[in-house]
Amino acid sequence: MNTKLRIRRPDDWHLHLRDREMLAAVAPWSAGLGRAIIMPNLVPPVVTGAEAAAYRDRILAALPENVTLRPLMTLYLTEATDPADVLAAHAQGIIAAVKLYPAGATTNSASGVRDFDRVRPVLEAMAGAGIPLCVHGEVTDPAVDIFDREAVFIDRVLEPIRRATPGLRVVMEHVTTADGVAYVRSGDNIGATITTHHLVINRNHILVGGIRPHYYCLPVAKRESHRLALVEAATSGDPRFFTGTDSAPHPDRAKESACGCAGCFTAPNWLQICAHVFEQAGALDRLEGFTSLHGAAFYGLDPNPDHISLVRRDEPARWPERITAGGETVTVFDPGFPVHWHIEDDA
Ligand code: NCD
Ligand code: ZN
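Treat the numbers as computed from the prediction; the structure is a model and nothing was measured.

Analysis parameters
Residues numbered from 1 in each chain as written. Chains lettered and ligands numbered in written order. Predicted model: local features only at pLDDT ≥ 70, side-chain atom pairs only at ≥ 80, totals over all residues. Heavy atoms only, no water. Pairing = 2+ DSSP bridges. Helix = DSSP H or I, 4+ residues; strand = E, 2+ residues; numbered from the N terminus. Axes fitted to C-alpha atoms, helices over the stretch in contact; angles between N-to-C directions. Near = heavy atom within 4 Å. Polar contact = N/O pair within 3.5 Å; in protein donor to acceptor, adjacent residues only side chain to side chain. Areas by Shrake-Rupley, 256 points an atom, 1.4 Å probe, with all protein chains shown as cover. Nonpolar A, V, L, I, M, F, W, Y, C, P; charged D, E, K, R; others polar. Expected span 1.5 Å × (residues − 1). Buried < 20%, exposed > 50% of the residue type's maximum accessible area, 1.4 Å probe, protein only. Arc of directions from axis to C-beta. Contact = heavy atoms within 4.5 Å.

Draft legend 1. How the structure looks around the sheet that holds strand 8 (residues 190–194). Pairing is parallel in the open sheet, where eight strands are placed in the order 2-3-4-5-6-7-8-9. The outermost strands of the open sheet, each flanked by one partner alone, are strand 2 (12–15) and strand 9 (241–243). This sheet shows a mean twist of 30° between the axes of neighbouring strands, independent of strand direction.

In structure tokens form, the structure reads like this:
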């Protein structure tokens, strides 16, 4: 059996680093990545090129010296976004993508889009310039069941946007359903990120035997058949699927509450858990594609030049149960089983 796997340095195509004390606490846990697409849902959100450049500088200041991580910034699309600002920020190398949140879909999404026709000029400019649109794919219609919101989004929003904007490159972020996987496979100019937690939990993990707020994220984990579809997609070698951890730290106080917020903090252990999932699927030879090659290719970038190793040992890998951030604790995602894959940095 394979006990050591040398792969190109991984990237993360969907990461929340937050700001201020939380940024300072969580950024070092992502410092060993090659690149990461940084989500713009701060309060207030990152909406202009100038704000993205300033946020990038705060991230770089929060990282230890000599790290490999290169943050790739995104803009938060609003109905007031100026196409010229998006094009200029992209041309200057400040942003790599734009993020679409339907208004109210998830944490810090109040400034998101309500009327998709109002962002059409931005989307057309992006299609022309080859700027990818990262999509939070859930409708917010209160009449739609939360477990159906991704599938309904595809029909009601995503397909009409893509049909109206030929050539627009789209990443369906944190895909959670067999419907999403099938949709991504059916088209051109579309890829999808898959989180580590959606590869290991289904909705029973959240709800059976007591409510587990640290497994609550959006899109919410679905039934087991959907989890299996995600594992199949991730381990299939299909280049349209790539890593996006959606590591989304929140203070425990905000999650362990009568109205707990959405997000799993996976930065410390996502890669080790991913190796476990691929091993179980008999697909360790495809791990590198998922973590280190497919996303870069989608974004038109070369793979990272350097490597890391994943080593399988008898003793389980360790990580802290929780970290502290500005006097608050933040719980690290618990896969619920021992993970025997350890990371060794070859750099
Ligand atoms: C994210 C967050 O906390 O910012 N939460 C989550 O559950 N994934 C927002 C998001 O990506 O939906
Ligand atoms: Zn996210």
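Having seen it, we continue.
Draft legend 2. Structural view of the site of ligand 1. If you check the shell around ligand 1, you find 15 residues, and the closest are Asn 41, Thr 106, Leu 218, Asp 246 and His 250. A distance of 2.7 Å separates an oxygen atom of ligand 1 from a polar side-chain atom of Thr 106. Coverage of ligand 1 by the protein amounts to 100% of the 310 Å² it exposes when considered alone. In the shell around ligand 1, the residues fall into four nonpolar, nine polar and two charged.

Draft legend 3. The arrangement of helix 2 (residues 49–62) in detail. For helix 2, spanning 14 residues, the distance from its first C-alpha to its last is 20 Å, which sits close to the expected 20 Å at 1.5 Å a residue. Turning to helix 2, its buried residues are Gly 49, Ala 52, Ala 53, Tyr 55 and Ile 59. Take helix 2 and look down its axis: the buried residues cluster within an arc of 165°, on one side only. Helix 2 presents Ala 50 and Ala 61 as exposed residues on the side facing more than 90 degrees away from its buried surface. Close packing links the buried residues of helix 2 with helix 1 (20–26), strand 3 (35–38), strand 4 (70–76), helix 3 (83–91) and strand 5 (95–100).

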